[in-house]
Amino acid sequence: LEGQEITSLLSDAAGEEVKRIENPEVASVNQNGSSSDVPTLAFPSLSTSDFQFNNEKASDVIIEKVEEYVNKLGNARLVLVDLTHGSKILSLVRAKAAQKHINPKMFFTFVGDITRLYTGGGLRCNVIANAANWRLKPGGGGVNAAIFSAAGPALEVATAERAKSLYPGNSVIVPLPSTSPLCDGEGVTHVIHVLGPNMNPRRPNCLHGDYVKGCEILRKAYTSLFEGFLSIVR
Ligand code: AR6
């Protein structure tokens, strides 16, 4: 049996156990019994899907920025999330984080839907990041569509109160109204919208393969995201 098949067989019998097998980090971090109190930022890999940013280069930027910020976080954690076990960016980042000996309690990768991390995966995250579009509007696919749809109309209203648009490399922190299902069910208190660099010619502000600029904007985007998270947990 392949791993995936074993997982799906087990999933019928013991859902909880499966979550641990899929995401061993959760088992270890939950063992201390206090994980629910640990401020945690879950973030998707900015720009690497719809915006077509190179995975190898993006993983270098993620590791560079995570290394810089894990030491500033106190007891807070950073978690890079993607939907599938086949995620290229998750494997690249996981391997590089291990190479650099980044503390796995402070930073780890997690397979799951960012809108269902607690109910679907047992991972409590009080803050989630969104790979947004410049208009800060719902839809468009990817993680943006998923977050706006799961959070309900309250997120769109709260976002519009904070900002109308974003430049690439920037972010905006939006406190989630308690009426949002993401707040109630998942325990999310803030969404941080971040706009990464775009390499997709069919989207606005395309950098047409200029990775010098692209990496600079991606660094700026993660800096802005992690600073935003710090300002929430401080
Ligand atoms: N949970 C966790 N990760 C996800 C989810 C999810 N529900 N959905 C996607 N990902 P993308 P970008 C991962 O395309 O490249 C939108 O249309 C995905 O596998 O969402 O920055 C916006 O409106 C990938 O690893 O963002 C923008 O216009 C990562 O999230 C544009 O796409 C980012 O993929 C932004 O493109």
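Residues numbered from 1 in each chain as written. Predicted model: local features only at pLDDT ≥ 70, side-chain atom pairs only at ≥ 80, totals over all residues. Heavy atoms only, no water.

Draft legend 1. Representation of the overall build of the chain. In terms of regular secondary structure, the chain is built from ten helices and six strands. Looking at the chain residue by residue over its 234 residues, the buried ones come to 48%. Expressed as a percentage of contacts within the chain between residues at least 6 apart in sequence, the contacts between residues at least 24 apart total 70%. Only carbon and sulfur atoms are counted for the fraction: they give 51% of the accessible area of the chain, which is about 11,200 Å². (Helix = DSSP H or I, 4+ residues; strand = E, 2+ residues; numbered from the N terminus. Buried < 20%, exposed > 50% of the residue type's maximum accessible area, 1.4 Å probe, protein only. Contact = heavy atoms within 4.5 Å. Areas by Shrake-Rupley, 256 points an atom, 1.4 Å probe, with all protein chains shown as cover.)

Draft legend 2. Local environment of the pairing of strand β4 (residues 127-131). Burial runs high along β4: four of the five residues are buried. By the bridge criterion, five bridges tie β4 to strand β6 (residues 190-194) in an arrangement that is parallel. Bridging from a neighbouring strand, Ala129 pairs with Ile192 of β6. (Pairing = 2+ DSSP bridges.)

Draft legend 3. Region of interest: the site of the ligand. The environment of the ligand is made up of 24 residues, and the closest members are Ser47, Asp82, Ile114, Gly140 and Val143. One of the backbone N or O atoms of Thr48 is found 3.5 Å from an oxygen atom in the ligand. Between the ligand and Gly141 there is a distance of 3.4 Å, counted from an oxygen atom to a backbone nitrogen or oxygen. Contact with the protein chains removes 91% of the 710 Å² of surface that the ligand exposes when unbound. More than half of the atoms belonging to the ligand lie within 2 Å of the grid points that define the largest pocket. If you list the elements that add at least two residues to the shell around the ligand, you get β2 (77-82) and α7 (142-151). Looking at the shell around the ligand residue by residue, the classes come out as ten nonpolar, eleven polar and three charged. (Near = heavy atom within 4 Å. Polar contact = N/O pair within 3.5 Å; in protein donor to acceptor, adjacent residues only side chain to side chain. 1 Å grid on protein atoms, 1.4 Å probe; cavity = no way out; pocket = protein on both sides within 12 Å on 5 of 7 lines; lining within 4 Å. Sits in = over half its atoms within 2 Å of the grid points. Nonpolar A, V, L, I, M, F, W, Y, C, P; charged D, E, K, R; others polar.)

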